[in-house]
Amino acid sequence: MKNLNQLNQFLTENKQRTLAYLKNAFPALSSDDSEDVYQDSSLTLYLNIINGKLTTLTSSLYTYFLRICINLSLKLLNKRGKMVMVAIGDEGAGCRTVPYDVLENAMQSCYDIDSSLIEDQKLHLVETIMEEMGEQCRHLLIGRYVKGESWSCIAQNYELANADTAKSFACRYKKKIRQKYHHLVDKI
């Protein structure tokens, strides 16, 4: 950003887009909360530019700004103790929030439930995590481990470069699913 006018133009052009993202990603935020987060993030971006903290970007300016908005939203929600964040997608690129009381209520009854119901909950947990991981992950893993398709067939069906690429994606997806599962299953 060369000057304040460029920064103002950037913030004006991206305001509605950013507020829509915050509303979708953080349903517990009120409209006023989202506006406050947007304003605080705008100030933080301005101060980072002025203080020389933002000299080179490894992403777009919007991505950098959106990450500031996400971090401030999470701080606000964590301070209120209302939401728990769950990372979604490759390298946690996205996030979704789950009401803490809903998660707590679901987990609280687990002590009174027999083991077959707990196994059903674990299976449902895996299905939920698979849905969150996205369509490509779901189709790739089901194709290989449920339908028994070959890696080359999977690569061809899902327009991947080759069988090794399909294996690499599957390995990455399984690792992320395993991490999320172990993190959440301890609460069951």
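Here the structure is a predicted model, which means the values were calculated and not measured.

Quick notes on the rules
Residues numbered from 1 in each chain as written. Predicted model: local features only at pLDDT ≥ 70, side-chain atom pairs only at ≥ 80, totals over all residues. Heavy atoms only, no water. Axes fitted to C-alpha atoms, helices over the stretch in contact; angles between N-to-C directions. Helix = DSSP H or I, 4+ residues; strand = E, 2+ residues; numbered from the N terminus. Left-handed = near helix turned anticlockwise from the far one by under 90°. Contact = heavy atoms within 4.5 Å. Nonpolar A, V, L, I, M, F, W, Y, C, P; charged D, E, K, R; others polar. Buried < 20%, exposed > 50% of the residue type's maximum accessible area, 1.4 Å probe, protein only. Core = buried A, V, L, I, M, F, W, Y, C linked by side-chain atoms within 4.5 Å. Patch = residues over 30% accessible without salt bridge, like charges linked within 9 Å, V, L, I, M, F, W, Y side chains within 5 Å. Areas by Shrake-Rupley, 256 points an atom, 1.4 Å probe, with all protein chains shown as cover. Salt bridge = Lys/Arg side-chain N within 4 Å of Asp/Glu carboxyl O. Expected span 1.5 Å × (residues − 1).

Contact pair helix α1 (residues 4-25) / helix α2 (residues 31-50): the axes reach a minimum separation of 10 Å and the direction vectors enclose 145 degrees. Along this stretch, α1 crosses α2, giving a crossing that reads as right-handed. The segment α1 lies against α2, with Leu4, Leu7, Phe10, Leu11, Thr12, Lys15, Thr18, Leu19 and Leu22 engaging Ser34, Glu35, Val37, Tyr38, Gln39, Ser42, Leu45, Tyr46 and Ile49. Residue composition of the contact of α1 with α2, by class: eleven nonpolar, five polar and two charged.

Most of the time, phi is negative for any residue but glycine, and the peptide bond is trans. Of note in this structure, Glu159 is not a glycine but carries a positive phi near 55 degrees. Looking at the secondary structure, you find Glu159 in the loop between α7 (151-157) and α8 (163-185). By relative accessible area, Glu159 is classed as exposed at 74%.

Our next topic: the environment of Lys180. Mapped onto the fold, Lys180 is located in helix α8. By relative accessible area, which is 14% here, Lys180 ends up buried.

Right, let's get into the nonpolar core. Counting 21 residues, the largest nonpolar core has Phe10, Leu11, Phe26, Leu45 and Phe65 as its most contacted members. For this core, the secondary-structure elements that each account for two or more residues are α1, α2 and α3 (61-80). With nine residues, the top contributor of residues to this core is α3.

Bringing the environment of Gly143 into the picture now. Assignment of secondary structure puts Gly143 in helix α6 (residues 135-145). Judged by relative accessible area, which is 1%, Gly143 ranks as buried. For Gly143 and Ile154, which are eleven residues apart along the polypeptide, the C-alpha to C-alpha distance reads 6.8 Å. Excluding anything up to four places from it in sequence, Gly143 contacts Gly148, Glu149 and Ile154.

Now for a nonpolar patch on the surface. Together, Leu4, Leu43, Tyr46, Leu47 and Ile50 make up an exposed nonpolar region whose accessible area comes to about 450 Å². The dominant element in the nonpolar patch, judged by the number of residues it contributes, is α2, at four residues. Mapped onto the elements, Leu43 comes out in helix α2. Relative accessible area serves as the criterion here: at 48%, Leu43 is assigned to the partly exposed category.

Between its first and last C-alpha atoms α2 spans 29 Å; for 20 residues at 1.5 Å apiece the expected length is 28 Å, and the two agree. Along α2, the residues classified as buried are Asp33, Ser34, Val37, Tyr38, Ser41, Ser42, Leu45 and Asn48. Residues of α2 that are buried sit in contact with α1 and α3.

Moving on, we come to the pattern of salt bridges. In a structure, side chains of opposite charge can pair up when their charged atoms sit close to one another. Throughout the structure, instances matching the rule amount to one salt bridge. As a salt-bridge pair, Lys15 and Glu35 come within 3.4 Å of each other at their nearest N and O atoms. Pair noted here: Lys15 is in helix α1 and Glu35 is in helix α2, with a separation of 20 residues, a long-range link. A residue is classified by how much of its surface remains accessible, and Lys15, at 23% relative accessible area, is partly exposed.

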